[in-house]
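# Chain and residue survey
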Amino acid sequence: MIYDLTTMTSPEAAEAMRSSRTVVIPVGSIEQHGPHLPNGTDTFAAELVAKGVADRLDAVYAPLGPYGVTPIHAGHPGTVNLRRETFEALLSDVCIELISFGIETVVLVNWHEGNIASMNAVATDLQDRYEVTFVAAQACYVAQRLYSAEGGELTHGGGIETLAVLAHDPTLVKVDRAGEPTRPPGAHEMDAMRRSHEVYGFITDVSELAVDGWYGNPLWATEERASDFVDVVADGVVELVHVVRSARSNH
Ligand SMILES: [Zn+2]
């Protein structure tokens, strides 16, 4: 069951926070996703999965706001980029308020790589200052792992992101407008490096990865596949939340 902070009354929220002690917060981004997907793709994906996670954990669901840290898409129409300081202040304030009502576990469900450094900084800081356990779940990477066996790829505007939007609202997917993406020289290498643990190269603009701002294969996503997107990814995230919780409870 989801206890949605925005629709509960104050006494209901007090009771839900007391009984659950857990809050799930979606973290996304509003940014260009090529000619075929909406700018809110990452936020829609984060909210869908976060609601599925809250439901499975009988947790409070608290929205953060749709924007994220996305300098590599800044300036491309449709993108709204938050400064890291703004995002970190917003996330900190929301978490601190919820912790003050007795929340003991904060689960961040993220679908945008540009938010990761800031999320981790806030989580590290607040877990140090308060009696709270943070779990920063990268739902996009969980989806990548779970769909890779059937050919799903996590790329900007590709198969797995198209799948997420189909699960949210199929009328927002316009694959007939996609065309063929063009990758500049070095794009594959930079992309592989972004996902590795050994070295990290920093991309300034999305055009370093893809000339038209997106790449991948949106045709991989089908409505049939999208029908259990939330179940697949939310189950995957919840499994990892339990790993963190039981590891920390042994301390
Ligand atoms: Zn995206």
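Higher on the page you've got the structure.
I will try to describe carefully the structure that is included in this document. (Residues numbered from 1 in each chain as written. Predicted model: local features only at pLDDT ≥ 70, side-chain atom pairs only at ≥ 80, totals over all residues. Heavy atoms only, no water.)

### Side note on the packing of aromatic side chains
- In the structure shown here, the tally under the stated rule is three aromatic pairs.
- Plain terms: the ring middles of Y200 and F202 are 4.8 Å apart, the flat faces sit at 55 degrees to each other, and that makes the pair tilted.
- Using a relative accessible area of 47% as the deciding quantity, one classes Y200 as partly exposed.
- When its relative accessible area of 66% is taken as the criterion, F202 is described as exposed.
- Over the ring of Y215 we find R183, and its NZ or CZ is 3.8 Å from the ring centre. (Phe/Tyr/Trp six-rings, centres within 6.5 Å; stacked < 30°, edge-to-face > 60°. Buried < 20%, exposed > 50% of the residue type's maximum accessible area, 1.4 Å probe, protein only. Lys NZ or Arg CZ within 6 Å of the ring centre and 35° of its normal.)

### Quick word on the coordination of the zinc ion
- On the protein side, the zinc ion has H33 (NE2), D42 (OD), E161 (OE) and E161 (OE) as donor atoms, found 1.9 to 2.5 Å from it.
- One can describe the donor arrangement at the zinc ion as irregular, given that its four donor atoms subtend angles of 55 to 132 degrees at the metal.
- Mapped onto the sequence, the donors of the zinc ion take the spacing H-x8-D-x118-E. Here H33, found in the loop between β2 (22-27) and α2 (41-57), pairs with E161, found in helix α6 (residues 159-168); they are 128 residues apart in sequence, far enough to count as distant.
- On the basis of relative accessible area, E161 is assigned to the buried category, the value being 5%. (Donors = N, O, S within 2.8 Å, 3.2 Å for Na, K, Ca; no water. Tetrahedral: all angles 85-135°; square planar, octahedral: opposite > 155°, others 65-115°. Helix = DSSP H or I, 4+ residues; strand = E, 2+ residues; numbered from the N terminus.)

### Some remarks on the sheet that holds strand β5 (residues 133-138)
- Spatial strand order, β1-β3-β2-β4-β5: five strands in an open sheet with parallel pairing. The open sheet is flanked by β1 (3-4) and β5, the only strands paired with a single partner.
- Pairing between β2 and strand β4 (residues 105-110): six bridges, direction parallel. Note that in β4 the partner of I25 across the bridge is L108.
- Packing against the sheet, helix α3 (residues 84-100) makes contact with β2, β4 and β5, and its axis sits at approximately 160 degrees to β2. (Pairing = 2+ DSSP bridges. Contact = heavy atoms within 4.5 Å. Axes fitted to C-alpha atoms, helices over the stretch in contact; angles between N-to-C directions.)

### Overview of the environment of T79
- Mapped onto the secondary structure, T79 falls in the loop between β3 (60-61) and α3.
- Residue T79 is classed as buried on the basis of its relative accessible area, which comes to 14%.
- If we skip the residues at most four places from it in the chain, T79 touches I30, E31, Q32, T70, H73 and A74.
- At 3.0 Å, the side chain of T79 and the backbone oxygen of H73 are in polar contact. (Polar contact = N/O pair within 3.5 Å; in protein donor to acceptor, adjacent residues only side chain to side chain.)

### Observations regarding helix α9 (residues 229-249)
- Spanning 21 residues, α9 covers 30 Å between terminal C-alpha atoms, matching the ideal 30 Å at 1.5 Å per step.
- Among the residues making up α9, those that are buried are F229, V233, A234, G236, V237, V238 and V241.
- The inward-facing, buried residues of α9 contact α2, β4, β5, α5 (139-147), α6 and α8 (223-226). (Expected span 1.5 Å × (residues − 1).)

### A look at the side chain of T133
- Assignment of secondary structure puts T133 in strand β5.
- The class of T133 is buried, set by a relative accessible area of 14%.
- A polar side-chain atom of T133 sits 2.8 Å from a polar atom in the side chain of R248.

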